[in-house]
Amino acid sequence: MAGLLQHLINGLAEGTIYALVALGYTMVYGVLKLINFAHGDVMMVGAYVGYAAAFVLGDGALGSLWGAVLVFLVSILFCGLLGWLVERFAYRPLREKPRLTALITAIGISFTLSYGFQLKVQPEIAGKKVTLLPGADPRTFPEIITPAEWVTLHVPAPAPAPDEVDPAAPHDAADDFVEIIIWNWQVISFVIALALMGGLQVLVFRTKFGRAMRAVSHDHRVAALLGIPVDRVIALTFMLGSALAACAGILYAIKDTLIQPMLGVQLGLKAFVAAVIGGIGNVQGAVLGAVALALCEELVVGYASSSWRDAVAFGFLIVVLLLRPQGLLGRVQAEKV
Amino acid sequence: MPETLGTREVKPPLLGVSGVEVRYGAIQALRGVSLSVGQGDVVALIGANGAGKTSTLRAVSGMLKPTAGTVQLAGQDITGQPAHTLVGKGMAHAPEGRGIFPNLTVLENLELGAYLRSDKAGIAQDLERMYGFFPVLRERQAQLAGTLSGGEQQMLAISRALMSRPKLLLLDEPSLGLAPQVTQTIFRILREVNAQGVSILLVEQNAHLALGLAHWAYVLETGAIVMEGTGQALLASDDVRKAYLGE
Amino acid sequence: MLRTTSTLVVAGAACALASWLFASSQFFALQASLVGVAVILAVSLNLINGITGQFSIGHGGFMGVGAYVGVVTSSLLTQFQLLPGAPQVVSDQLVLLIALATGGLAAGTMGFLVGLPSLRLKGDYLAIVTLGFGEIIRVAIQNTKEIASDELKLVQAQGIGAELAYRVTHLGRATGLSQIPQLTSFGMVWFWVFVVVMVTRRILGSPHGRALLAIREDEVAAEAMGVDTTGYKVRAFAVASFFAGVAGALFAHFQAIITPAQFDFVKSTEIVVFIVAGGLGSTSGAVVSAMALTLLPEVMRSLFGGFNVEQIRKPLFGLLLVVIMLTRPQGLFGTHELWDLGKRKKRPA
């Protein structure tokens, strides 16, 4: 019971981070019908930019609210710009080309980012060593939120089997309960992710821009006939997705404390799988798929073996594709001829 | 020079198309099309399948870039300008196949028609006007547009185009696949819309309907205009009757 | 049939001769084998991605299946005297051939199983599923154990069935499987290069090949013409996976150690780069660019000695993909072939 509860808490925390990344995949797929393989790597860049920002701010700012907000903001701006650049110069020229062309380009950009970040470039500028690219070794993410226990739950421990109980030993009340700790950063991360998702939901379904986005997603030629500036809507969608990825990158770094250049590929793939499980192109589906996937992983880790963790996502994916190819919340769409 | 039947009433020009050519790869779809729409006109384009009617509309509304020729709207050259910039200049195009957004509600579709406008009161007023034209849209406003019948979707497509308050409305086959009664309703509303001052350039398979509504009409054959005239004169022409009215 | 057999015999003999002639140069043999493996991988992936118009990014996974299955087979067989009295070279090559066949068949079967559900779906699903398949293979191998030599001796005493069971559950985890019999000769590699190119050409020239091209050009139309699109796609996928498995087994038998990381997403992407650079759909393009891009790091190493070529190769591959797509998406050859150069140019439809 206690174990299950702990796994549920962990799964939910992990799932919200997956969800933030999955939303980026699903939005870009919505407007461009493109699997943006580079999206996970934008998240990785977000984590590194957050790292650099925290580093520049120095120990004095760590743990303060404004320090943390600044770290997030810098990373969001940087990734938004990166997303815009990638869309403008790599994807837009290929928009009328066969879809495979853009997909291959996306893989190329993912490769460039994830392996480019493994290079170590540290030129000396004005007598000081400046790190431009971090190198392959993992780095410890600074504690921009000082860890503290938010709440400690005492859950009744399972009764020990009768033959294990030593009748002679005095009963220790501490054995009756198991402690489950919920950390402050888990709560903060959960709240931030939830707020971002809620904001996105409002943006997509309650605003003019959201309507335009959905119109472009369905048919960008018709959208243009209504006066919708399709290029700008697509660019903004990319920037929005990248900004969410930046937040996810930092939240992931806070959770995991270590960052390395391949983290985007791994987490990105899973988030993408989550988006497909939920129904690619569907905003609520992405969140549902992400949380479902994270819970599944957490349960496999808890009750089977942690070494199978990375296979769960794809096993889950194959099952969903077999039974419900359009995803959990996706609609069946007729193939356009 | 195309054969001309009847005389055209002189009106101040709204749309001027001259010598427009369009290519799809190796195929030339339009070979020098020239036509004009005066202010307050209903102009019809009739012709067989593949004659270039839809291509003409697309070249006008910026969905296609002409390889030669010019398009002018209210005296301003708009040749080859991207489609989304033309809505602001007073043009609205209800495309072939209606092009409604099936996963958005009817109301959202209509609101997208007014994408470039920010006058809330005016938009609300126009919404009422559309509901007045087609009361069924009001009943269905919260429904997903994909659940509408074909006729209702066509009504939605026309209303959505009108939501931008265009000076010129381009319509591509509004009667396609619809029951005669629905078609009649739609054409009655088009006449009303025109009476309120909106000029219309209409592409239509159903030549009878189109010529009945149009002040002036053009006959397209394999990418070129072969005949033009008043709707009534063309309706009376033997050539037109044989070729397009099935008589 | 007779012509095919005789061409194969001649090619085999030529490769054996070349193997013997250049056996003295270790460096040459290694490079020639690496290049050959790359060519087999590229030509076979081109059958799926270029000719059938699907998109797989899990070719490395199938290569891995072939590599591990092949090594298990050869490790079992090298203990036996298969051809009593024959020289060592001959029996070695026989063992290798059997290992290649089992590796290839295992990968081909996997390809069939993976392809059947995912190729029913249209669009980019194959890309995701193949990617996922590669990951599952990697995780599965990481969940095996390492071989302990004293354990192995005990098991070997219990007979070949017990040893087989032991070996397939002891694939060396992430650290790798070592003590692989060094059986690959570059002659054998190039013999398979010849086979894969010939098979691809044969398929293309047959009604089967025209069906594949029809699927690439317009799947819906192909289906409307009565082409069993799923069936053709799955078969093409299984054949390509078979050759990936053979390539993996060839590769494993000149490596000191194989690890799951050698067959991961990165490897798969490398193969994609080969065929994209060569021109999707062109077998000659796949051959030429696989050769060039495999040798490129060597050339760079000799030109800029001391520079860490291995490190910048991967980001460079990524950039190369982007640049090719933006400037010349049809790659080096487009869909043309070297052997068509002499012929009269076909008019584009």
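Keep in mind the model is a prediction, meaning the values are calculated, not measured.

## A look at the overall build of chain A
Phase 1: Scanning chain A from N- to C-terminus turns up eleven helices and eight strands.
Phase 2: Taking 20 Å as the expected radius of gyration for a compact globule of 337 residues, we find that chain A reaches 22 Å, a close match to that expectation.
Phase 3: The principal-axis extent of the C-alpha atoms belonging to chain A is close to 85 × 60 × 35 Å.
Phase 4: The proportion of buried residues among the 337 residues of chain A is 49%.

## Section: the overall build of chain C
Phase 1: A tally of regular secondary structure across chain C gives 14 helices and two strands.
Phase 2: Relative to the globule expectation of 20 Å for 349 residues, the C-alpha radius of gyration of chain C, 20 Å, shows essentially globular dimensions.
Phase 3: Counting only C-alpha atoms, chain C reaches 65 × 50 × 45 Å along its principal axes.
Phase 4: Evaluated residue by residue, chain C yields a buried proportion of 46% over its 349 residues.
Phase 5: For chain C, the proportion of contacts with a sequence separation of at least 24, taken over those separated by at least 6, is 83%.

## A short note on helix 4 (residues 99–116) of chain A
Phase 1: Relative to the 26 Å expected for 18 residues at 1.5 Å per residue, helix 4 of chain A spans 25 Å between its end C-alpha atoms, a close match to the ideal helical length.
Phase 2: Burial within helix 4 of chain A is extensive, with 16 of its 18 residues counted as buried.

## Digging into the nonpolar core
Phase 1: Ranked by size, the top nonpolar core spans 283 residues in total, and within it Ala19, Ala22, Cys247 and Ala290 of chain A, Leu202 of chain B together with Ile40 and Ala42 of chain C carry the most contacts.
Phase 2: Excluding residues within four positions of it along the chain, Ala290 of chain A makes contact with Gly15, Tyr18, Ala19, Ala22, Ala271 and Ala274 of chain A.

## Section: the interface of chain B and chain A
Accessible area lost upon the coming together of the parts serves often as the stated size of an interface.
Phase 1: The interface of chain B with chain A comprises 20 residues on the first partner and 15 residues on the second.
Phase 2: If you list the elements that add at least two residues to the side of chain B that touches chain A, you get helix 2 (83–86) and helix 3 (106–113) of chain B.
Phase 3: Residue composition of the side of chain B that touches chain A, grouped by class: ten nonpolar, eight polar and two charged.

## Focus on the interface of chain A and chain C
Phase 1: With 33 residues of chain A in contact, the opposing surface of chain C contributes 33 residues.
Phase 2: With twelve residues, helix 4 of chain A is the single largest residue contributor to the side of chain A that touches chain C.
Phase 3: Taken together, the residues that form the side of chain A that touches chain C break down as 23 nonpolar, seven polar and three charged.

## Comments concerning the sheet that holds strand 9 (residues 199–203) of chain B
The strands making up a sheet associate through backbone hydrogen bonding, with each pair oriented either parallel or antiparallel.
All names here are of chain B.
Phase 1: Strand order in the open sheet formed by seven strands is 1-11-10-4-9-8-7, with mixed pairing between adjacent strands. For this open sheet the edge positions go to strand 1 (3–5) and strand 7 (91–94), each flanked by a neighbour on one side alone. Neighbour-to-neighbour, the strand axes of the sheet open up by a mean angle of 15 degrees, direction not taken into account.
Phase 2: Sheet analysis places strand 10 (residues 216–221) next to strand 11 (residues 224–230), joined by six bridges and oriented antiparallel. For Val219, the partnering residue across the bridge sits in strand 11 and is Met227.

## A few points about the packing of helix 4 of chain A against helix 14 (residues 309–327) of chain C
Phase 1: Remark: helix 4 of chain A packs on helix 14 of chain C, axes separated minimally by 7 Å, with the N-to-C direction vectors making an angle of 155 degrees. The orientation of helix 4 of chain A with respect to helix 14 of chain C, classified from their angle, is roughly antiparallel. Crossing of helix 4 of chain A over helix 14 of chain C shows left-handed handedness. In this structure, helix 4 of chain A contributes Thr101, Ile104, Thr105, Ile107, Gly108, Ile109, Phe111, Thr112, Tyr115 and Gly116 of chain A to the contact, and helix 14 of chain C contributes Lys314, Pro315, Phe317, Gly318, Leu319, Leu321, Val322 and Met325 of chain C.
Phase 2: The residue makeup of the contact of helix 4 of chain A with helix 14 of chain C, split by class, is eleven nonpolar, six polar and one charged.

## Details of the environment of Pro138 of chain A
All names here are of chain A.
Phase 1: Examined against the element boundaries, Pro138 turns out to sit in the loop between strand 4 (133–134) and strand 5 (139–140).
Phase 2: Judged by C-beta crowding, with 15 C-beta atoms within 10 Å, Pro138 ranks as partly exposed.
Phase 3: When the C-alpha positions of Pro138 and Ala311 are compared, they lie 23 Å apart, and in sequence the two are 173 residues distant.
Phase 4: Once residues lying within four places of it in the same chain are set aside, the contact partners of Pro138 are Leu258, Ile259 and Gln260.

## Notes on the packing of helix 11 (residues 309–323) of chain A against helix 5 (residues 125–142) of chain C
Phase 1: Axis separation between helix 11 of chain A and helix 5 of chain C bottoms out at 9 Å; the angle between their running directions is 140 degrees. Between helix 11 of chain A and helix 5 of chain C, the angle falls in the class oblique. Judged by the sense of rotation from one axis to the other, the crossing of helix 11 of chain A with helix 5 of chain C is left-handed. Every residue of helix 5 of chain C that contacts helix 11 of chain A at Asp310, Ala311, Phe314, Gly315, Leu317, Ile318 and Leu321 of chain A is listed here: Tyr125, Ile128, Val129, Gly132, Glu135, Ile136 and Val139 of chain C.
Phase 2: Here the contact of helix 11 of chain A with helix 5 of chain C is built from residues that sort into ten nonpolar, two polar and two charged.

## Notes on the pairing of strand 2 (residues 13–24) of chain B
Residue and element names in this part refer to chain B.
Phase 1: As defined by bridge partners, strand 2 adjoins strand 3 (residues 27–38) across nine bridges and the pair is classed as antiparallel. The partner of Arg23 across the bridge, within strand 3, is Gln28.
Phase 2: With antiparallel pairing between neighbouring strands as the criterion, strand 2 and strand 3 make up a hairpin whose turn holds two residues, including Gly25 at a positive phi of roughly 60 degrees.
Phase 3: Where strand 2 and strand 5 (residues 68–73) come together, five bridges link them in antiparallel fashion.

## What to know about unusual backbone geometry
Residue and element names in this part refer to chain A.
Phase 1: The backbone of Lys33 sits at a positive phi, close to 55 degrees, despite the residue not being glycine.
Phase 2: As for its placement among the helices and strands, Lys33 is situated in the loop between helix 1 (2–32) and helix 2 (39–57).
Phase 3: For Lys33, a count of 16 C-beta atoms within 10 Å gives the class partly exposed.

## Remarks on the arrangement of the chains
Phase 1: For this structure, the chain pair with the highest number of contacts among two pairs of chains in contact is chains A and C.
Phase 2: If you take every C-alpha in chain B and every C-alpha in chain C, the smallest gap between them is 10 Å, and the two do not touch.

## Some words on the sheet that holds strand 3 of chain B
All names here are of chain B.
Phase 1: Pairing is antiparallel across the open sheet formed by four strands, whose spatial order is 3-2-5-6. Taken across any chain shown, the strands that pair with only one partner, and hence form the sheet edges, are strand 3 and strand 6 (76–77).
Phase 2: Where strand 5 meets strand 6, two bridges bridge the pair, whose relative direction is antiparallel. When the sheet's bridge partners are listed, Gln72 is paired in strand 6 with Asp77.

## Brief notes about the confidence of the model for chain A
Phase 1: Residues at a pLDDT of 70 or more form 94% of chain A, whose mean pLDDT is 87.
Phase 2: No element of chain A has a lower mean pLDDT than strand 3 (residues 128–129) of chain A, at 79, and none a higher one than helix 8 (residues 230–256) of chain A, at 95.

Cut-offs used in this document
- Residues numbered from 1 in each chain as written.
- Chains lettered and ligands numbered in written order.
- Predicted model: local features only at pLDDT ≥ 70, side-chain atom pairs only at ≥ 80, totals over all residues.
- Helix = DSSP H or I, 4+ residues; strand = E, 2+ residues; numbered from the N terminus.
- Rg over C-alpha atoms; globule rule 2.2 N^0.38 Å.
- Buried ≥ 20, exposed ≤ 12 C-beta atoms within 10 Å, placed from the backbone.
- Contact = placed C-beta atoms within 7 Å.
- Expected span 1.5 Å × (residues − 1).
- Core = buried A, V, L, I, M, F, W, Y, C linked by C-beta atoms within 7 Å.
- Nonpolar A, V, L, I, M, F, W, Y, C, P; charged D, E, K, R; others polar.
- Pairing = 2+ DSSP bridges.
- Axes fitted to C-alpha atoms, helices over the stretch in contact; angles between N-to-C directions.
- Parallel < 35°, antiparallel > 145°, perpendicular 65-115°, else oblique.
- Left-handed = near helix turned anticlockwise from the far one by under 90°.
- pLDDT = per-residue confidence, 0-100.

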